[in-house]
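What the coordinates show
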Amino acid sequence: QVQLVESGGGLVQPGGSLRLSCAASGFTFDYYAIGWFRQAPGKEREGVSCISSNNFNTYYTDSVKGRFTISRDNAKKTVYLQMDSLKPEDTAVYYCAKSSRTWWTPQWPPIFSDYDSWGQGTQVTVSS
């Protein structure tokens, strides 16, 4: 079955960096866009970034542009989110999700119903 497993979260000081990984299995990874989402306590889930199946298109929410970089390694069936210059407001549980359609050019801002499988999440805490 489809599985998405996030890793790489943790506690980091403001200005620090983390790299999140999303390891996928159970489906033809190359065919699908993958998105990163986050949810902070008391806040709604929001889309952070997305990468298309062919690596040609990447998307970022405005608050992370210039600080976060999404990439994918189709051979390893893994999507990465490099997070630099982290701020306390980046604190959240981060989730990766698989698009429901193959060879699809993602819509941004994302519609959550366009993603049909989600990981369990990894906690990112930015604090001094």
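Thresholds applied
Residues numbered from 1 in each chain as written. Predicted model: local features only at pLDDT ≥ 70, side-chain atom pairs only at ≥ 80, totals over all residues. Heavy atoms only, no water. Disulfide = S-S within 2.5 Å. Helix = DSSP H or I, 4+ residues; strand = E, 2+ residues; numbered from the N terminus. Buried < 20%, exposed > 50% of the residue type's maximum accessible area, 1.4 Å probe, protein only. Contact = heavy atoms within 4.5 Å. Polar contact = N/O pair within 3.5 Å; in protein donor to acceptor, adjacent residues only side chain to side chain.

1. Re the state of the cysteines
- Summed over all chains, the structure comprises one disulfide.
- A sulfur-sulfur separation of 2.1 Å characterises the disulfide bridge that pairs Cys 22 with Cys 96. One disulfide, between Cys 22 and Cys 96, carries an S-S torsion of 70 degrees and so falls in the right-handed class. Of the two residues, Cys 22 is situated in strand S3 (residues 18-25) and Cys 96 in strand S9 (residues 92-102); the sequence distance between them amounts to 74 residues. Here Cys 22 matches Cys 96 in class, with each residue buried.

2. So, the environment of Ser 17
- As for its placement among the helices and strands, Ser 17 is situated in the loop between strand S2 (10-12) and S3.
- The spatial distance from the C-alpha of Ser 17 to the C-alpha of Lys 87 is 9.8 Å, given a sequence separation of 70 residues.
- Those residues within four positions of Ser 17 in sequence are excluded, and the remaining contacts are Val 12, Gln 82, Met 83, Asp 84, Ser 85 and Leu 86.
- For Ser 17, the side chain forms a polar contact with the side chain of Asp 84, separated by 2.7 Å.

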